[in-house]
Amino acid sequence: MTEGTSGGAVRQVLPVVIVGSGISGLSAAVYAARAQLAPLVIEGSEPGGQLTLTSEVENYPGFEDPILGVDLVERMKKQAARFGARYRSDDVVGVDLSVRPFAITLGRGGPLYAHTLIVASGARARLLGLPGESELFGRGLSSCATCDGAFFRDRVVAVVGGGDSAMEEAMFLTRYAKKVYVVHRRRELRASRILADRAQSKPEIEFVWNAAVTAIHQDQSMVSGVTLTDVETHETRELPLDGLFLAIGHVPNTEWLKGQLPTDEHGYLVSHPGTSETAIPGVFVAGDVADPLYQQAVTAAGTGCIAALDAEEYLAEHNLG
Ligand code: NAP
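Residues numbered from 1 in each chain as written. Predicted model: local features only at pLDDT ≥ 70, side-chain atom pairs only at ≥ 80, totals over all residues. Heavy atoms only, no water.

Chemist: Can you help me understand the overall build of the protein chain in this one?
Modeler: From N to C terminus, the protein chain includes 7 helices and 21 strands. The globule rule puts the C-alpha radius of gyration for 321 residues at 20 Å, and the 22 Å found for the protein chain is close to it. By its C-alpha atoms, the protein chain is 70 × 40 × 35 Å across when sized along the principal axes. A burial count over the protein chain gives 47% of its 321 residues as buried. Counting 27 positive and 39 negative side-chain charges, the protein chain places the centres of these two groups 4 Å from one another. (Helix = DSSP H or I, 4+ residues; strand = E, 2+ residues; numbered from the N terminus. Rg over C-alpha atoms; globule rule 2.2 N^0.38 Å. Buried < 20%, exposed > 50% of the residue type's maximum accessible area, 1.4 Å probe, protein only. Lys, Arg positive; Asp, Glu negative; His and termini not counted. Charge placed at Lys NZ, Arg CZ, Asp CG, Glu CD.)

Chemist: Would you explain the side chain of Thr-229 in this entry?
Modeler: Considering the arrangement of structural elements, one finds Thr-229 in strand S17 (residues 222-230). A polar contact is formed between the side chain of Thr-229 and the side chain of Thr-214, at a distance of 2.7 Å. Every residue in contact with Thr-229, bar those within four places of it in the chain, is listed here: Asn-210, Ala-211, Ala-212, Thr-214, His-234, Glu-235 and Thr-236. (Polar contact = N/O pair within 3.5 Å; in protein donor to acceptor, adjacent residues only side chain to side chain. Contact = heavy atoms within 4.5 Å.)

Chemist: Sorry, what's going on with the layout of surface pockets here?
Modeler: Unoccupied space between atoms shows up once a probe the size of one water molecule is rolled over them. Roughly 290 Å³ of internal volume is contained in the second largest pocket. Contributing to the lining of the second largest pocket are 20 residues, with Ser-271, Gly-287, Ala-290, Asp-291 and Thr-303 lying nearest its centre. Counting residues per element, the lining of the second largest pocket draws most heavily on helix H7 (residues 297-317), which supplies 4 residues. (1 Å grid on protein atoms, 1.4 Å probe; cavity = no way out; pocket = protein on both sides within 12 Å on 5 of 7 lines; lining within 4 Å. Points joined across faces, edges and corners; volume = space filled by probe spheres on them.)

Chemist: Explain the sheet that holds strand S16 (residues 211-219) to me, please; I cannot follow it from the model alone.
Modeler: With respect to topology, 3 strands assemble into an open sheet ordered S16-S17-S18, the strand pairing being antiparallel. Unpaired on one side and paired on the other, S16 and strand S18 (236-240) mark the two borders of the sheet. The average angle at which neighbouring strand axes cross in this sheet is 25°, direction not considered. Relative to S17, S16 runs antiparallel, the two being bridged by 8 bridges. Paired with Val-213 across the bridge in S17 is Leu-228. (Pairing = 2+ DSSP bridges. Axes fitted to C-alpha atoms, helices over the stretch in contact; angles between N-to-C directions.)

Chemist: When you look at the site of the ligand in this model, what are you seeing that I'm missing?
Modeler: The environment of the ligand is formed by 21 residues, the closest being Asp-164, Ser-165, Glu-168, Arg-186 and Arg-190. In the environment of the ligand, a nitrogen atom lies 2.9 Å from a nitrogen or oxygen atom belonging to the side chain of Glu-168. In the model, an oxygen atom of the ligand is placed 3.0 Å from a nitrogen or oxygen of the Arg-185 side chain. Protein burial of the ligand: of its 910 Å² of free accessible surface, 77% is covered by the chains. Considering each element in turn, the shell around the ligand owes the most residues, 3 residues, to helix H5 (residues 164-173). Along the lines of polarity and charge, the residues of the shell around the ligand split into 6 nonpolar, 10 polar and 5 charged. (Near = heavy atom within 4 Å. Areas by Shrake-Rupley, 256 points an atom, 1.4 Å probe, with all protein chains shown as cover. Nonpolar A, V, L, I, M, F, W, Y, C, P; charged D, E, K, R; others polar.)

Chemist: Which parts of the structure should I look at to understand the sheet that holds strand S19 (residues 243-246)?
Modeler: Sheet strands line up and pair through hydrogen bonds in the backbone, either parallel or antiparallel. A sheet is described by the order of its strands in space; here 5 strands give the open sequence S12-S19-S13-S14-S15, paired in parallel fashion. Across the chains shown, the open sheet's two edge strands, defined by having one partner strand only, are strand S12 (141-142) and strand S15 (205-208). Bridge analysis of strand S14 (residues 179-183) against S15 gives 4 bridges, and the strand direction is parallel. Paired with Tyr-181 across the two strands is Glu-206, which belongs to S15. Set on the sheet, H5 makes contact with strand S13 (156-160), S14, S15 and S19; between it and S13 the angle comes to about 170°.

Chemist: It is not clear to me how H7 should be interpreted in this structure. Could you clarify?
Modeler: Because each turn of an α-helix spans 3.6 residues, side chains separated by three or four positions in sequence point in the same direction. With 21 residues, H7 should reach 30 Å at 1.5 Å per residue; the first-to-last C-alpha distance of 30 Å fits that figure. Those residues of H7 not exposed but buried are Ala-297, Ala-300, Ala-301, Gly-304, Cys-305, Ala-307, Ala-308, Asp-310, Ala-311, Tyr-314 and Leu-315. Looking one or two residues past H7, Asn-319 carries a phi angle of roughly 50°, positive in sign. (Expected span 1.5 Å × (residues − 1).)

Chemist: Explain unusual backbone geometry here, please?
Modeler: Glycine aside, residues mostly have negative phi, and peptide bonds are mostly found in the trans state. The residue after Arg-100, namely Pro-101, is reached through a cis peptide bond having omega -10°. Looking at the element boundaries, Pro-101 is found in the loop between strand S8 (92-96) and strand S9 (102-106). You will see that Gln-220, though not glycine, has its phi angle at about 50°, which is positive. Mapped onto the elements of the fold, Gln-220 is located in the loop between S16 and S17. Although it is not a glycine, Gln-295 sits at a positive phi angle of roughly 50°. Relative to the helices and strands, Gln-295 resides in the loop between strand S21 (283-285) and H7.

Chemist: Can you walk me through the packing of H5 against helix H6 (residues 193-200) in this structure?
Modeler: A packed helix pair is summarised by two numbers, namely the angle formed by the two axes and the spacing between the axes. Orientation of H5 relative to H6, taken along the N-to-C sense of each, is 35°, at an axis distance of 9 Å. Helix-helix and strand crossings are classified by hand; for H5 and H6 the assignment is left-handed. On H6, the residues that touch Asp-164, Met-167, Glu-168 and Met-171 of H5 are Leu-195, Ala-196, Arg-198 and Ala-199. Each residue belonging to the contact of H5 with H6 can be placed in one class, and the counts come to 5 nonpolar, no polar and 3 charged. (Left-handed = near helix turned anticlockwise from the far one by under 90°.)

What follows is the structure, given as structure tokens:
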């Protein structure tokens, strides 16, 4: 659809722009494309989202055998493309939701204008907030065992966290590392029973309970160990390590929205209950950016579907399709 501007120029207005190309964004793309809305997906700096950082997915319905996260994403991308979805390799760096159509600023390309926006920008790994942490990424510090585990063959590593991600990371690392510590700040795991049992049955994994990482040490700019502090006794001890993996949850990727949409106290976007609608009509949310609780591939796909259906209805109601 094109429309004239006050300066007489003609600009193209897209019916649906989807920000994010993880499972939620791609699921939204499948539905919006199949509704002949030719959605444009802005892929972001991590095309495919967090599922590309995982190894095998064995709980996505319909796959009797495990499927690689990257393969699942690729299949969904092709599926949406078959119905007319388009992809742009770029980042959204800003958006103006106070104007109609919405104005979207990209990192590299020119501005885009859209009648509806589906926010599916996901979440990223949380950091400990310790001095030197950011600089050590890629230098023995990681939040992705699938990506970096192979660098630690016959080495000693630790995973911080007690959730499902920490269990998966630790188990994956046993393929390479000779010893994997799991450092958790409590005595009980948050992880699901099945993953906790699997991890606890691995002889290479040793659990360090009630422990907080209070310093990361380095030698020649590489991780060389950590200081662990017992959260009850406050006693400290040094643990020499070759690698440290963080699996302590996620932070929603909302910086580019610059506060234009309401969030909960943890920064996750909020929608009207039971829908993907936000406080701004025409803006819809999907996936982990609005999900502090479930964060599953299948729930992300479900909310992507809901967002596309809500956008389709909005366009029809406003004669914008
Ligand atoms: P999570 O469930 O929120 O667990 C985060 C863990 O990190 C918790 O054990 C938490 O400790 C710890 N933690 C948080 N902040 C910390 C800090 N500053 N210092 C030390 N420890 C800290 O996150 P997740 O494991 O990434 O999982 C997120 C969601 O994805 C969950 O719903 C999970 O079920 C799902 N998931 C599922 C699978 C699967 O089914 N295959 C795999 C991965 C993830 P506390 O326990 O003390 O709070």
